[in-house]
There are 2 protein chains.
Amino acid sequence: MSPTAQIRIGILCCADIARKLSRAIHLCPTATLHGVASRTLSKAESFATANSLPPTTVLYGSYDALLDDPDIDAVYIPLPTSLHIPWAITAARKKKHVLLEKPCAVNVTELDQIISACEESGVQLMDGTMWVHHPRSRAMADFFADSLRFGQLKSIQTSFSFFADDDFLQNDIRVKPDLDGLGALGDAGWYCIRACLLAMNYELPKFVTALRNPVKNDAGVILSCGASLSWENGVVATFNCSFLANLTMDISAVGTNGTLHVTDFIIPYEEKSASFSTLTKGSFDEMTLAWATKPSEHIVNTDLPQEALMVKEFLTLVDGIKNHGLNPEKKWPTITRKTQLIIDAVVASINRGFEAVEVY
Amino acid sequence: MSPTAQIRIGILCCADIARKLSRAIHLCPTATLHGVASRTLSKAESFATANSLPPTTVLYGSYDALLDDPDIDAVYIPLPTSLHIPWAITAARKKKHVLLEKPCAVNVTELDQIISACEESGVQLMDGTMWVHHPRSRAMADFFADSLRFGQLKSIQTSFSFFADDDFLQNDIRVKPDLDGLGALGDAGWYCIRACLLAMNYELPKFVTALRNPVKNDAGVILSCGASLSWENGVVATFNCSFLANLTMDISAVGTNGTLHVTDFIIPYEEKSASFSTLTKGSFDEMTLAWATKPSEHIVNTDLPQEALMVKEFLTLVDGIKNHGLNPEKKWPTITRKTQLIIDAVVASINRGFEAVEVY
């Protein structure tokens, strides 16, 4: 079969983010949005109308109906985190490949059940972290891996915050303990942790220590927190994530030879062009009155937005399994699991009064 | 007397940084570099030649000789930190106003002796933190204080590192336990801590917790470390300082309404023009495909470099005391002391296995 065989995707639940993904699926040349399911048919119909889905899109009044459709190869699941366990596992058992919104699980024990279900069914599991699929992120990873331009990573500081309004803080699923119990840590911290892992070539830290002053809502859901991660090779990372501060998405990474700055790493300022700045072997002029060189800006253009590139990457793997006899790519669930392990360690450290928690 | 009365300064020791300061004194319209002292006359002569000091500059073969000169109003002391105690105190007792290089003391107990000596003699004490005197830093402080543009500070990440060569790591006074026992923390961390204090309008944190993975040399001097600071109002700060990583000097501060980024806060990329970027009430477009607004760059020009502005500020205070009957300005030693208190807490936290240390 052609390497660009069309893969038919279903979307399981009409969350806000599903709008962005349905657009991404349309933009992805190898994807067909086969159908959309909600808990009622009328909700699925509303979603189809609001997003101008073509009339050929199949609409389902239950998640089971979509998962029972043999024409569907893969599903995108943006359900609340606590519903990932039943539905990602059901999808896997019904041989659907799973693109799972983050945070993938409430904790690593639950994630492992999802991973096992996918392994047993031979389906691909990938989490919905879009930004790592932007070519800028690959360019940043190349910079981190460059022994001349960057050298050895020494420290990294990341943050992701946005200022949630009262309606969000009262009603969003991300502040509900029974839906997304990890709150800002699972939603925003997930990205910061992933950025630290990217810079460390996905090596797990040895210790995770929560920063003081986390903020929780009355139901105990984290609205703001931070942590430091430390690796055995001496690297130290810190991150802050919050629903209570102005929109910010920073990576500042410092190596022996180079420094990288980016201030829009999760969603680029512009859809088709993104940049990061680097400086290698920074130095001062002779009297330390000014810098000898200034950072340089690296602009990375892309025809497809990062969420379409994520879908494309996922479907390439699905195509390989479905049409070319390949096995699921373990890299993605492995990275997901490492991210989740660190999330769990932050929660444990907060619960233990900011003690260092060993990660393994 | 005229408010621009000339103040005669002496420099106590010919450290590298004294070159920059002797230039700054020449650039400062209210300053006269009266003389330079070293432990031997020939060293002072070499310094005068190397820096093209005018032949009227008095050269002294001992620090005492300079301090005994009644024509000297004020001294700049860039001696190694462990020598601040004897010489800053002697200078104060001899009624010389003291501009003291940072770190000001090995610990706050020693600093308090210097502060007391200055208070008893009625002389001004100011530390040599140059960057806070740049008009950009005032513009940043204005932004932090702006309830509309920035709102309430929530988190701040700062760092200062430079990659020291083997000669530095073997021979520089900043790696010698008997000279500058605080190493990178006193030298580079000092600035990061000061930036956190600036953003907090100089309110002390409640707790200081060192990050894991500090690096010390064989003599126990810190070459690299970091810490988190937490305030009672919920703010959390983290910083990294290092002699072992590429030249980096960052502030990323996030408030409820605004975000500030600067990547050259200690020494601007250019001597006469510096910038920082801000974004207020950041948001996405309707589908969260891109940002609704991008950060804006604020450029601050200055005729005099920040070190000359520091000298000018210091000498304005000296002029007020000497010629207008004013008292020493307590603001500066108070800020110095707060910086030193946090330095001490980082050391204590490292020594106690990264426990949180209360600051008061």
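Procedures and definitions
- Residues numbered from 1 in each chain as written.
- Chains lettered and ligands numbered in written order.
- Predicted model: local features only at pLDDT ≥ 70, side-chain atom pairs only at ≥ 80, totals over all residues.
- Heavy atoms only, no water.
- Pairing = 2+ DSSP bridges.
- Helix = DSSP H or I, 4+ residues; strand = E, 2+ residues; numbered from the N terminus.
- Axes fitted to C-alpha atoms, helices over the stretch in contact; angles between N-to-C directions.
- UniProt positions renumbered as here; feature names shortened; annotations may be inferred.
- Buried < 20%, exposed > 50% of the residue type's maximum accessible area, 1.4 Å probe, protein only.
- Polar contact = N/O pair within 3.5 Å; in protein donor to acceptor, adjacent residues only side chain to side chain.
- Least-squares fit on C-alpha atoms with pLDDT ≥ 70 in both.
- Contact = heavy atoms within 4.5 Å.
- Buried area = accessible area lost by both parts, 1.4 Å probe.
- Salt bridge = Lys/Arg side-chain N within 4 Å of Asp/Glu carboxyl O.
- Parallel < 35°, antiparallel > 145°, perpendicular 65-115°, else oblique.
- Nonpolar A, V, L, I, M, F, W, Y, C, P; charged D, E, K, R; others polar.
- Arc of directions from axis to C-beta.

1. Remarks on the sheet that holds strand β1 (residues 7-12) of chain B
All names here are of chain B.
Then comes step 1: One open sheet holds the six strands; their spatial order is β3-β2-β1-β4-β5-β6, and the pairing between them is parallel. Looking at the sheet topology across the chains shown, the edges are occupied by β3 (58-60) and β6 (125-127). The sheet shows a mean angle of 25° between the axes of neighbouring strands, taken without regard to direction.
Then comes step 2: One ladder, built from six bridges, connects β1 with strand β2 (residues 31-37); its direction is parallel. Of the residues in β2, the one forming a bridge with G10 is G35.

2. Overview of the UniProt feature "domain: Gfo/Idh/MocA-like oxidoreductase N-terminal" (unreviewed entry) in chain A
Then comes step 1: On the UniProt side, "domain: Gfo/Idh/MocA-like oxidoreductase N-terminal" (unreviewed entry) is annotated at positions that read residues 7-126 of chain A here.
Then comes step 2: Helix makes up 42% of residues 7-126 of chain A and strand 22%, and the two end C-alpha atoms of the span are 15 Å apart.

3. Structural notes on the sheet that holds strand β1 (residues 7-12) of chain A
All names here are of chain A.
Then comes step 1: The six strands lie next to each other as β3-β2-β1-β4-β5-β6, forming an open sheet whose pairing is parallel. Edge strands, defined here as strands with exactly one partner in the open sheet, are β3 (58-60) and β6 (125-127). Across the sheet, the mean angle separating the axes of adjacent strands is 25° when strand polarity is ignored.
Then comes step 2: Judged from the three bridges that link them, β1 and strand β4 (residues 74-77) form a sheet pairing that is parallel. Its bridge partner being in β4, I11 is matched across the sheet by Y76.

4. With respect to the side chain of R136 of chain A
Residues and elements named next belong to chain A.
Then comes step 1: As for its position among the elements, R136 is in helix α6 (residues 135-144).
Then comes step 2: In this structure R136 comes out as buried when scored by relative accessible area, which is 1%.
Then comes step 3: Separated by 2.6 Å, the side chains of R136 and D264 make a polar contact.
Then comes step 4: Among the polar contacts listed, one links the side chain of R136 to the backbone oxygen of S275, at a separation of 2.8 Å.

5. Concerning unusual backbone geometry
Note on backbone geometry: most residues besides glycine have negative phi, and most peptide bonds are trans.
Residue and element names in this part refer to chain A.
Then comes step 1: A cis amide bond links K102 to the next residue, P103, at an omega of -10°.
Then comes step 2: Within the secondary structure, P103 sits in the loop between β5 (97-100) and α5 (108-121).
Then comes step 3: Of note, C13 is a non-glycine position whose phi angle comes to about 105°, a positive value.
Then comes step 4: The phi torsion at N201 lies on the positive side, around 50°, for a residue other than glycine.
Then comes step 5: You can see N201 is positioned in the loop between α8 (183-199) and β8 (207-210).

6. Considering the relation of the copies chain B and chain A
Then comes step 1: Relative to chain A, chain B is turned by 180° and slid 0.0 Å along the rotation axis, the superposed coordinates differing by an RMSD of 0.0 Å. Accordingly, the operation relating the two chain copies is best matched by a two-fold axis.
Then comes step 2: Of all interface residues in chain B, 100% are interface residues in chain A too; the two copies therefore contact each other through one and the same surface.

7. Quick look at the interface of chain B and chain A
Then comes step 1: Each partner contributes residues to the interface: chain B has 62 residues there, and chain A has 62 residues.
Then comes step 2: A buried area of about 5100 Å², summed over both sides, lies between chain B and chain A, and 58% of it is on carbon and sulfur atoms.
Then comes step 3: Summed over the shared surface of chain B and chain A, the result is four salt bridges.
Then comes step 4: The salt bridge involving E270 of chain A is made with K294 of chain B; its shortest N-O contact spans 2.8 Å.
Then comes step 5: Along the contact surface separating chain B from chain A lie 37 residue pairs in polar contact (both at pLDDT 80 or more).
Then comes step 6: Of all elements in the fold, only α1 (16-27), β7 (153-163), β8 (207-210), β10 (222-230), β11 (236-242), β12 (244-255), β13 (258-262) and β14 (273-280) of chain B reach the threshold of two or more residues within the side of chain B that touches chain A.

8. Focus on the pattern of salt bridges
Residues and elements named next belong to chain B.
Then comes step 1: Tallied over the entire structure, the rule returns 36 salt bridges over all chains.
Then comes step 2: Where D64 meets K94, a salt bridge forms, and the shortest distance between an N and an O atom there is 3.7 Å. Of this pair, D64 sits in helix α3 (residues 63-67) while K94 sits in the loop between α4 (84-93) and β5 (97-100), and the two are 30 residues apart along the sequence.
Then comes step 3: K206 is paired through a salt bridge with E232; the nearest N and O atoms lie 3.7 Å apart.

9. Some thoughts on the pairing of strand β7 (residues 153-163) of chain A
The side chains of a regular strand alternate between both faces of the sheet.
Residue and element names in this part refer to chain A.
Then comes step 1: The buried fraction of β7 amounts to nine of the eleven residues, a majority that puts the element mostly inside the structure.
Then comes step 2: Looking at chain direction, β7 and strand β12 (residues 244-255) are connected through nine bridges and run antiparallel. Each bridged residue has a counterpart across the sheet, and for S155 the counterpart in β12 is V254.

10. Looking at the packing of helix α4 (residues 84-93) of chain A against α5 of chain A
Residue and element names in this part refer to chain A.
Then comes step 1: Where α4 meets α5, the closest approach of the two axes is 8 Å, and the angle between their N-to-C directions is 10°. Classed by the angle they form, the pair α4 and α5 counts as roughly parallel. Contact residues: α4 offers H84, I85, A88, I89, A92 and R93, while α5 offers E110, Q113, I114, A117, C118 and S121.
Then comes step 2: The residue inventory of the contact of α4 with α5, partitioned by class, reads seven nonpolar, three polar and two charged.

11. Considering helix α2 (residues 41-50) of chain B
A turn of α-helix holds 3.6 residues, and therefore any two residues three or four places apart point the same way.
Residues and elements named next belong to chain B.
Then comes step 1: Restricting attention to buried positions, one finds in α2 the residues A44, F47 and A48. An end-on view of α2 places all buried positions within 100° of arc, on one side of the element. Exposed side of α2, more than 90 degrees from the buried face: T49 and A50 are the residues found there.
Then comes step 2: Tucked inside the fold, the buried residues of α2 contact α1, β2 and β3.
Then comes step 3: Immediately downstream of α2, the backbone of S52 shows phi near 50°, a positive value.

12. Brief notes about α4 of chain A
Residues and elements named next belong to chain A.
Then comes step 1: Burial analysis of α4 places seven of its ten residues in the buried class, which makes it a mostly covered element.
Then comes step 2: Within α4, burial applies to H84, I85, W87, A88, I89, A91 and A92.
Then comes step 3: At its buried positions, α4 is contacted by β1, α3 (63-67), β4, β5 and α5.

13. A short note on the UniProt feature "domain: GFO/IDH/MocA-like oxidoreductase" (unreviewed entry) in chain A
Then comes step 1: In the numbering adopted here, UniProt assigns the feature "domain: GFO/IDH/MocA-like oxidoreductase" (unreviewed entry) to residues 147-260 of chain A.
Then comes step 2: Segment residues 147-260 of chain A splits into 20% helix and 42% strand. End C-alpha atoms: 14 Å apart.

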